[in-house]
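Residue-level structure breakdown
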Amino acid sequence: MSEHCIIDGINYGPLAALVGTWEGDKGVDRAPEPEGEERNPYYETILFEAAGDVTNAEKQTLSVVRYHQVVSRKSNNEVFHDQIGYWLWDPADNSIVETFTIPRGVAVVATGTLAPAADPEQELVFDVAADASGIVQAPFMFKQARSTAFTHTLTVKGGQMRYTETTVLDIYGKKSYDHTDVNTLSRVS
Ligand code: HEM
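Now for a look at the structure at hand. (Residues numbered from 1 in each chain as written. Predicted model: local features only at pLDDT ≥ 70, side-chain atom pairs only at ≥ 80, totals over all residues. Heavy atoms only, no water.)

**A few points about the site of the ligand**
Around the ligand there are 28 residues in total, and Glu33, Glu38, His81, Arg104 and His179 lie nearest to it. Between the ligand and Glu33, the relevant distance is 3.1 Å, taken from an oxygen atom to a side-chain nitrogen or oxygen of the residue. Measuring from a nitrogen atom of the ligand, one finds a side-chain N or O atom of His179 at 2.9 Å. Sorting the residues of the shell around the ligand by element identifies strand 3 (20–32), strand 4 (37–56), strand 5 (60–73), strand 6 (79–90), strand 7 (95–102), strand 11 (145–157), strand 12 (160–171) and strand 13 (174–187) as the ones contributing at least two each. Its residues placed into classes, the shell around the ligand shows 15 nonpolar, six polar and seven charged. (Near = heavy atom within 4 Å. Polar contact = N/O pair within 3.5 Å; in protein donor to acceptor, adjacent residues only side chain to side chain. Helix = DSSP H or I, 4+ residues; strand = E, 2+ residues; numbered from the N terminus. Nonpolar A, V, L, I, M, F, W, Y, C, P; charged D, E, K, R; others polar.)

Next comes the structure, spelled out in structure tokens:
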């Protein structure tokens, strides 16, 4: 493991590559509408911070990176998506967890395994997924705008980050609508 992974004495492994402030203005959101859908070009800032480690059941120790993502529509410069979450890494088996909430009354726990090597100097692919059991939502959302699955692939190499994510929704009478977001960001600090 490279010494670049150590921050304040804690080994963040692959998560060290995330830490910093990232900006990108090539975002495209595909979102549901009652009649059809909308495509929203967007820009965003994501702040990732080293947040220490935790021990679960005295057996599992996870390194923690906390993030805040703020997304604005290009058409009117208004924030239209806000997300707060954590990435967790378990050095014992190289597994990762992304857990986050959005201010619609939806929270997600998505899991995956890093392959092959956890070295922030290489291209790193953080690939996580959640099925319905990894999604909790307020009763209104469960009835009217249900999230049924989530996948997220985030790739980091040097100062560049790319991601694609899909939230599968049952909404407006549509079953399994793919609400997708993609963007490319650069590290600004
Ligand atoms: C860059 C990321 C994202 C952007 C820009 C975004 C944007 C949007 C937009 C524009 C809508 C339609 C809202 C409306 O018509 O009022 C929407 C709906 C929705 N989004 Fe997202 N979203 C993002 C990520 C997510 C994620 C990660 C989740 C959950 C895991 C999520 C869950 C939902 C849900 C449940 C709805 C349906 C609510 C509704 O349309 O009234 N979104 N999103």
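Next, the rest of the story.
**Some thoughts on unusual backbone geometry**
The phi dihedral of Ala57 falls on the positive side, at around 50°, and the residue is not glycine. Topologically, Ala57 is positioned in the loop between strand 4 and strand 5. Since its relative accessible area comes to 70%, Ala57 is described here as exposed. Positive phi, close to 55°, is recorded for Tyr172, a residue that is not glycine. Residue position: Tyr172 is located in the loop between strand 12 and strand 13. The class for Tyr172 is partly exposed, based on a relative accessible area of 44%. (Buried < 20%, exposed > 50% of the residue type's maximum accessible area, 1.4 Å probe, protein only.)

**Thoughts on the coordination of the iron atom of the ligand**
Just one protein ligand coordinates the iron atom of the ligand, and it is His179 (NE2) at 2.1 Å. Considering the arrangement of structural elements, one finds His179 in strand 13. (Donors = N, O, S within 2.8 Å, 3.2 Å for Na, K, Ca; no water.)

**Some details on the nonpolar core**
By size, the foremost hydrophobic cluster in this structure holds 38 residues, and its most contacted members are Leu18, Phe48, Trp87 and Phe126. Elements represented by at least two residues in this core include exactly strand 4, strand 5, strand 6, strand 7, strand 8 (106–113), strand 9 (124–130), strand 11 and strand 12. (Core = buried A, V, L, I, M, F, W, Y, C linked by side-chain atoms within 4.5 Å.)

**As for the packing of aromatic side chains**
Inspection of every chain in the model, using the stated rule, returns four aromatic pairs. Ring geometry for Phe100 versus Phe150: centroids 5.1 Å apart, planes at 65°, classification edge-to-face. Here the residue Phe100 occupies a position in strand 7, and Phe150 occupies one in strand 11, the gap between them amounting to 50 residues. What makes Phe150 buried here is its relative accessible area of 2%. Taking the ring centre of Phe142 as reference, the NZ or CZ of Arg146 above it sits at 3.7 Å. (Phe/Tyr/Trp six-rings, centres within 6.5 Å; stacked < 30°, edge-to-face > 60°. Lys NZ or Arg CZ within 6 Å of the ring centre and 35° of its normal.)

**Quick word on the side chain of Glu98**
One can find Glu98 in strand 7. Although Glu98 is buried, it makes no salt bridge; Arg66 carries the closest opposite charge, 14 Å away. Looking at Glu98, its side chain comes within polar contact range of the side chain of Tyr67, at 2.6 Å. Discounting chain neighbours no more than four positions away, the residues touching Glu98 are Tyr67, Gln83, Tyr86, Trp87, Val108, Val109, Ala110, Val128, Phe150 and His152. (Lys, Arg positive; Asp, Glu negative; His and termini not counted. Salt bridge = Lys/Arg side-chain N within 4 Å of Asp/Glu carboxyl O. Contact = heavy atoms within 4.5 Å.)

**Remarks on the pattern of salt bridges**
Tallied over the entire structure, the rule returns seven salt bridges. Of the charged contacts in the structure, one is a salt bridge between Arg30 and Glu37, with a shortest N-O distance of 2.9 Å. Residues Glu123 and Arg162 are paired through a salt bridge, measuring 3.8 Å at the closest nitrogen-oxygen approach. Of this pair, Glu123 sits in the loop between strand 8 and strand 9 while Arg162 sits in strand 12, and the two are 39 residues apart along the sequence. Since its relative accessible area comes to 41%, Glu123 is described here as partly exposed. The structure contains a network of salt bridges with shared partners spanning Arg30, Glu37 and Arg39.

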